[in-house]
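Listed here are the chains, written in short residue letters.
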Amino acid sequence: MGPGRTPTPTKPRQGAATRGTIGESTPRPDGILKATGEFAYSSDLWHEDMLWGCTLRSPYAHAEIRSIDVGEALAMPGVHTVMTYADLPAETHYGLEVRDQPVLAAGRVRYHGEAVAIVAADHPETARRAAARIKVEYAELPLVTDEATATAPGAPVLHPGRTDRHAAHAPHPNIVHRQPIKRGDVAAARARADVVVRRDYEVGMQDQAFLGPESGLAVPAEDGGVDLYIATQWLHVDRDQLAPVLGLPADKVRLTLSGVGGAFGAREDLSMQAHACLLALRTGRPVKIVYNRYESFFGHVHRHPAKLAYEHGATRDGRLLYVQCRIVLDGGAYASSSPAVVGNAASLSIGPYTVDNVDIEALALYSNNPPCGAMRGFGAVQACFAYEAQMDAVAAELGLDPVEFRQRNAMEQGAVMPTGQRVDSPAPVAELLRRVKARPMPRPGGSADVRELPGGLSNTSHGEGVVRGVGYAVGIKNVGFSEGFDDYSTARVRLEVLGGEPVALVHTAMAEVGQGGVTVHTQIARTELGVAQVVLHPADTQVGSAGSTSASRQTYMTGGAIKHTCEAVREEVFRRGRERFGADHPGWADAELLLAGGKVVTEAGEVIGDLAEILGGDAIDIEKEFRHRPTQPFHPETGQGFGHVQYSFCAHRAVVDVDTELGLVKVVELAAAQDVGKALNPLSVVGQIQGGTTQGLGLAVMEEIVVSDGARVRNPSFTDYLIPTILDTPSIPVEVLELADDHAPYGLRGVGEAPTLSSTPAVVAAIRAATGLRLGRVPVRPEHLTDT
Amino acid sequence: MRVTFTVNGRPQQADDVWEGESLLYVLRERLGLPGSKNACEQGECGSCTVRLDGVPVCACLVAAGQAEGREVVTVEGLAQYADARSRRTTQDTTATQDTTDTTDATTAADTTTATDATTATDTTAAATRQPPPLAPVQQAFIDTGAIQCGFCTPGLLIAADELLERTPDPSDADIREALSGNLCRCTGYEKILDAVRLAAARTTEAR
Amino acid sequence: MEFLRPASWEEALAAKAEHPAAVPIAGGTDVMVEINFDRRRPDHLLDLTRIAELYEWQTGDQTVRLGASVPYTRIIERLAAELPGLAIAAHTVGSPQIRNRGSVGGNLGAASPAGDAHPALLAAGAEVEVASVRGSRRIPVEEFYTGVKRNALADDELIRAIHIRKAAGPQQFSKVGTRNAMVIAVCAFAIALHPDTRTVRTGIGSAAPTPVRARAAEDFLNAALAEGGFWDGGRTITPSIARRFAELCAAACDPIDDVRGSAAYRRHAVSIMARRTLGWTWEAFRAGGDTTGDTTEGGARCA
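Residues numbered from 1 in each chain as written. Chains lettered and ligands numbered in written order. Predicted model: local features only at pLDDT ≥ 70, side-chain atom pairs only at ≥ 80, totals over all residues. Heavy atoms only, no water.

1. Quick word on the UniProt feature "domain: Aldehyde oxidase/xanthine dehydrogenase a/b hammerhead" (unreviewed entry) in chain A
Here is step 1 of the chain: Here, UniProt's "domain: Aldehyde oxidase/xanthine dehydrogenase a/b hammerhead" (unreviewed entry) annotation points to residues 36–142 of chain A.
Here is step 2 of the chain: End-to-end, the C-alpha atoms of residues 36–142 of chain A are 52 Å apart, and along that stretch the chain is 13% helix and 36% strand. (UniProt positions renumbered as here; feature names shortened; annotations may be inferred. Helix = DSSP H or I, 4+ residues; strand = E, 2+ residues; numbered from the N terminus.)

Right, dumping it as structure tokens:
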């Protein structure tokens, strides 16, 4: 058992007297700064004498670099340095799970937009002009763009000589990782099935499209180290990749979190971090790099596009007998988090249903397409689109209502996953479906206002061709890091008396990316210490790792760490109190004391001590780590194992109007129901669900990075990569269930990702209902709806 | 080149401006006003929305030289701007917001400049008095949970404030149309609608 | 790069004559994107925003003379009666912020086949007034578009105004995009009924290298309407006429496959929009109603 094994749940009375504790919709502590424009995002930073960095990127998806001539660029006035692979001082590659990505291209580029050279100059335009004058001679190489070209005999091997831990199990060197899961007897089940549905599905490459571009400021320090102010999801994993590249010990690479303009997975990998630090150390000047939107599309990983083949078998009375599926994810040129995405896709591939017989295979390819990695939903999104389409198709074959069919097969607490893991906390799948179905329907269409019709302001229909459809979906997502990963977070809490008032300082490395971690962390500290004043220290690497702001894990993990550390602080208060005042009052002997309103209170509510008196001038300062219960890796052949910490569930009902002649879609309403265990901040919870739902809507009807014509990205702009506007986004009513997971702090369940899963298949189911079309691919384009 | 213009009621001057720089770059990198955001720099997200002579525009698409002599209001000056407007409205309830209607339609020019000369005067006068720290839309965004990462917030605030200036009691469809040039990736827009409705209700109530 | 700020139209023409490669900039909604993304580095930017007359319009008996820089917002608010098709098209341009800056002059200068104003100008009937130090001339809008992002302007010429025929009958504009707002046209269609001349004109956007009129469709429809006595009889257009008109509009397209849409879809969508907008305008004409062809009640029919 780790040092941070989940502590006993705290009695609800702790912190009851304080305002702004858990369960309240406390406003964001950074709200005023963000509303006045004073909040400092990573792209807002400025430093005396700073230089601007610029990146030269490859126009080819696969090519050998014959030569690079930087002479002309270097000679330009205002240019301070130009760096290529040859100038790297130490380690040349980095990567989240596998160090396979060159900091600057090492003689070969493997995707369109790969970084080849970097420039530092006194004005961004000077840097751009200099980058344009770097002469690179490329010799194009044959492309790997899909499974067929990746595994064909004689296919170019993109990463020869692999030594990573997945290499041994990978059936081909161009397969990053493969995870089979086998349970029961599919062949026997197939023989018993009354209905069999076999279909293929495809999910396009979605972009996180956060609004704040990749950016940061690297400042060289007098000790030879570097201070990096950066927008990221995980400070420590950035540092651990950067230090070897810079040839510096970890303690000389200091990271501080700057304001982060959204993340959604796209900031889990390095982007400009190493480049800015390298330029700063080389020039001895602070260096700022800010990507523009075009470069941003090349600067981060995307959601894996996927091809999925599913076969479901069921009995006439609507019981699923078996599922066989194969999921091929395109990981692109570098591994990023592909192995973990494969694990998720495989283990969550059949959805929140009880099926005794499964034969699952998921794998990720290396290809010359853009690298893919983390995005909200992480492998579960692709699977959910396919298995929910299958559920509708099987229900239709059986003549059953699609919600009824899902409810008959819905998992409950105690169900066994395909991995053999027993689900040991509430799994209210049927109830979530019941709730979205029971909601009143939005009013019928036929509006005279074009803004409420498909096509919107573009004035394409005044009602002609418009058909309404309704669709349902539900999904399952894991929370936290899985497969035996040592997932922990760290919190330092300092309790002291300042100006007569007890103040708690909470210091973590948690990346606030907009999700509201800062809000709930403040609430947790207030709750646990019963103090009104909680100050959050800026997140940096001077405290232990908080892990990533991903996998819906920060409220659970860093929230858990703060709770855990606050409990230790509280115990220290009581210990000091007993030591100094124990003789004064018999209440000090009580086992269960509380901190409330700056006082020590007995369980009976009697005040027996004052925090200010107990602390005096001596602060309590404790840093502790917190771990969730351990998980296990999946068996490489059978996929069996206690792989996930926690599951979360969300259901959607989509109501859409489709202009069936033009193939245009207006989503009218997208109702959600989700179990969150415990809503620490109900307003933030609803905001997460609505935001995730909208990203799912985007994948359903508009969002895709188009890669074609030599594996080139065809639409790297907000002109052609479209995300939903406020006129595309419907009303999103949300119902929140709070069924506690006893393994988690406060019983909470990670919220952020689950709504992104079921939103997409619900919208597409509604479009199918309106059109009668099969629609096996997202995003659904007008061409798919009009057979053009 | 040198560019001189007024930002949030104060005269500003930027020197050695490269001719290809945008107003957004000058605000952010030369005048220390990074509140207007650089999310797309192609007029497709609205994060850099400012008032230029009273008109909401994308600062990324205004060449720096085009701002010469103009009045710019950014999110940093929004509270002051909204305060000046509300005091003007209270002082003279008969005053119309929009003087364009007085212009002869057949030879109408864009008269926004004239309209805004009054605004500028009032804004400057307001500088001597302590304005409230937040405009009604800013407070409403905070109260309703309309802010997550916050990168779209400055542009949305400028656009929403301008909508309420024109249309104090907007319908949901009006709000959606007015904000259709402002992308938000975090919230799903529901709380943003809530915020604008709340700001409208509070402002109307206060009158 | 040099930033030229002429204070008058004459100064602007002189500057353009002196620097024929200078790039005119008004609303900046095209030019600044190209500069921000390093796609264009002209030696001179010619700022037209100080020239007041470009922001003015005059309404005459037959035409509206629209200053080249009048923002779309102003067209929506002030010219919906005279130029209903253009006002609807203006309402589909970009975002409110873009409509506050962008102008028909800019659309013409950029000459992108996807420009939203073009189909409406073609359908209404328009001439582009261009000028240089050598003098001025008026170019029929059909002849103004000479290729993808190319127009009939000489190096030393600037667009001063657009003379657009005032609507004598209902006009409509439709545009397909894959989003419900702030979207570039996958394709677009405009139609204008001209009861005074008993003709119908069309405009197609984003479905050929340049904006085009569907002339065969117009000829067919004009003949069919005349032969059937439709203009006098107040009859509903028969489905077979509407279908044939729509087919001929689709046949007028010469589209490409690109990331925004397939060629086949563009043809299909143009035919649907042609049929629908013909129905809207003709029903409005029959009803003797307003020029926007808006027969449905209330609503935010654009503008």
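2. Some details on the environment of Asp232(C)
Here is step 1 of the chain: Locating Asp232(C) in the fold gives a position in helix α10 (residues 230–233).
Here is step 2 of the chain: For the pair formed by Asp232(C) and Pro6(C), sequence separation is 226 residues and the distance between their alpha carbons is 53 Å.

3. Re the interface of chain B and chain C
When the parts come together, some accessible area is lost, and that loss is often what is quoted as the size of the interface.
Here is step 1 of the chain: Counting from both sides, the interface comprises 45 residues of chain B and, opposite them, 38 residues of chain C.
Here is step 2 of the chain: At the boundary of chain B with chain C, total buried surface from both sides reaches about 3200 Å², with 52% on carbon and sulfur atoms.
Here is step 3 of the chain: The tally of links from chain B across to chain C stands at 3 salt bridges.
Here is step 4 of the chain: Two residues, Glu68(B) and Arg5(C), come together in a salt bridge whose shortest N-O distance is 3.3 Å.
Here is step 5 of the chain: Every element with two or more residues in the side of chain B that touches chain C is listed here: β3 (49–52), β4 (55–58) and α6 (172–178) of chain B.
Here is step 6 of the chain: Sort the elements by how many residues they give to the side of chain B that touches chain C and β4(B) lands first, with 4 residues.
Here is step 7 of the chain: Along the lines of polarity and charge, the residues of the side of chain B that touches chain C split into 20 nonpolar, 16 polar and 9 charged. (Contact = heavy atoms within 4.5 Å. Buried area = accessible area lost by both parts, 1.4 Å probe. Salt bridge = Lys/Arg side-chain N within 4 Å of Asp/Glu carboxyl O. Nonpolar A, V, L, I, M, F, W, Y, C, P; charged D, E, K, R; others polar.)

4. Comments concerning the sheet that holds strand β2 (residues 63–69) of chain A
Residues and elements named next belong to chain A.
Here is step 1 of the chain: Here 3 strands make up an open sheet; going across it, the order is β6-β2-β8 and the pairing antiparallel. Every interior strand has two partners, whereas the edge strands, β6 (108–109) and β8 (135–140), have only one.
Here is step 2 of the chain: Sheet topology note: the β2/β6 ladder contains 2 bridges and is antiparallel. Of the residues in β6, the one forming a bridge with Glu64 is Arg108. (Pairing = 2+ DSSP bridges.)

5. Here's the deal with the packing of aromatic side chains
Here is step 1 of the chain: Taken as a whole and assessed by the stated rule, the structure comprises 19 aromatic pairs over all chains.
Here is step 2 of the chain: Note on Tyr41(A) and Phe151(B): the rings are 4.9 Å apart at their centroids and 85 degrees apart in plane angle, and the pair reads as edge-to-face. Of this pair, Tyr41(A) sits in the loop between α1 (31–36) and β1 (51–57) while Phe151(B) sits in the loop between α4 (136–144) and α5 (153–166), each in a different chain. The same class applies to Tyr41(A) as to Phe151(B), namely buried.
Here is step 3 of the chain: A ring pair is formed by Phe481(A) and Phe485(A), whose centres lie 5.2 Å apart and whose planes are at 85 degrees; its orientation type is edge-to-face.
Here is step 4 of the chain: By relative accessible area, Phe481(A) is classed as buried at 15%.
Here is step 5 of the chain: Judged by its relative accessible area of 41%, Phe485(A) is partly exposed.
Here is step 6 of the chain: Stacked on the ring of Tyr746(A), the Lys or Arg Lys563(A) has its end atom at 5.1 Å from the ring centre.
Here is step 7 of the chain: Here the basic side chain of Arg235(C) rests over the ring of Phe230(C), its NZ or CZ set 4.3 Å away from the ring centre. (Phe/Tyr/Trp six-rings, centres within 6.5 Å; stacked < 30°, edge-to-face > 60°. Buried < 20%, exposed > 50% of the residue type's maximum accessible area, 1.4 Å probe, protein only. Lys NZ or Arg CZ within 6 Å of the ring centre and 35° of its normal.)

6. Quick notes on a negative patch on the surface
Here is step 1 of the chain: Where like charges cluster on the molecular surface, the negative patch consists of Glu571(A), Asp590(A), Glu592(A) and Glu606(A).
Here is step 2 of the chain: Note on placement: Asp590(A) falls in the loop between α14 (554–581) and β24 (593–596). (Patch = residues over 30% accessible without salt bridge, like charges linked within 9 Å, V, L, I, M, F, W, Y side chains within 5 Å. Areas by Shrake-Rupley, 256 points an atom, 1.4 Å probe, with all protein chains shown as cover. Lys, Arg positive; Asp, Glu negative; His and termini not counted. Charge placed at Lys NZ, Arg CZ, Asp CG, Glu CD.)

7. Focus: the sheet that holds strand β20 (residues 466–479) of chain A
Residues and elements named next belong to chain A.
Here is step 1 of the chain: Read from one edge to the other, the open sheet built from 4 strands follows the order β20-β28-β29-β32, with strand pairing classed as mixed. Each edge of the sheet is formed by a strand with only one pairing partner; in this case those strands are β20 and β32 (734–737). Neighbouring strand axes in the sheet, compared pairwise and without regard to direction, differ in orientation by 20 degrees on average.
Here is step 2 of the chain: Sheet analysis places strand β29 (residues 664–675) next to β32, joined by 4 bridges and oriented parallel. Within β32, the position partnered with Ala672 by the bridge is Val734. (Axes fitted to C-alpha atoms, helices over the stretch in contact; angles between N-to-C directions.)

8. Let's talk about the interface of chain A and chain B
Here is step 1 of the chain: Opposite the 64 residues of chain A that make contact, chain B presents 51 residues.
Here is step 2 of the chain: Between chain A and chain B, roughly 4300 Å² of surface is buried when both sides are summed, and carbon and sulfur atoms account for 58% of that area.
Here is step 3 of the chain: It is Ala35(A), Leu211(A) and Ile726(A) in chain A that bury the most area against chain B; as a group they hold 17% of the surface buried on that side.
Here is step 4 of the chain: The tally of links from chain A across to chain B stands at 6 salt bridges.
Here is step 5 of the chain: Applying the counting criterion to the chain A and chain B interface returns 28 residue pairs in polar contact (both at pLDDT 80 or more).
Here is step 6 of the chain: Contributing elements (two or more residues each) for the side of chain A that touches chain B: α1, α3 (124–132), β14 (287–290) and α16 (682–701) of chain A.
Here is step 7 of the chain: Here the side of chain A that touches chain B takes 8 residues from α16(A), the largest share from any one element.
Here is step 8 of the chain: By residue class, the composition of the side of chain A that touches chain B is 29 nonpolar, 23 polar and 12 charged. (Polar contact = N/O pair within 3.5 Å; in protein donor to acceptor, adjacent residues only side chain to side chain.)

9. Things to note about the pattern of salt bridges
Here is step 1 of the chain: All told, the structure shown has 95 salt bridges over all chains when counted by the stated rule.
Here is step 2 of the chain: If you follow the salt bridges from partner to partner, you end up with Glu125(A), Arg128(A), Arg129(A), Asp38(C) and Arg41(C) in one network.

10. Structural notes on helix α4 (residues 84–91) of chain C
Here is step 1 of the chain: Counting buried positions along α4(C) gives 8 out of 8 residues, so the element sits mostly inside the fold.
Here is step 2 of the chain: Those residues of α4(C) that fall on the buried side of the exposure criterion are Pro84(C), Gly85(C), Leu86(C), Ala87(C), Ile88(C), Ala89(C), Ala90(C) and His91(C).

11. Here's the deal with the nonpolar core
Here is step 1 of the chain: Of all hydrophobic cores here, the largest spans 98 residues; its most connected members are Tyr310(A), Met411(A), Val763(A) and Ile767(A).
Here is step 2 of the chain: By residue number, the principal contributor to this core is helix α10 (residues 380–398) of chain A, which donates 13 residues.
Here is step 3 of the chain: Residue contacts for Met411(A): discarding those within four places in its chain leaves Gly351(A), Pro352(A), Tyr353(A), Thr354(A), Met417(A), Val423(A), Ala427(A), Val429(A), Ile476(A) and Phe649(A).
Here is step 4 of the chain: Core analysis: the second largest hydrophobic core is formed by 90 residues, Cys60(B), Ala87(C), Ala123(C) and Val130(C) among them. (Core = buried A, V, L, I, M, F, W, Y, C linked by side-chain atoms within 4.5 Å.)

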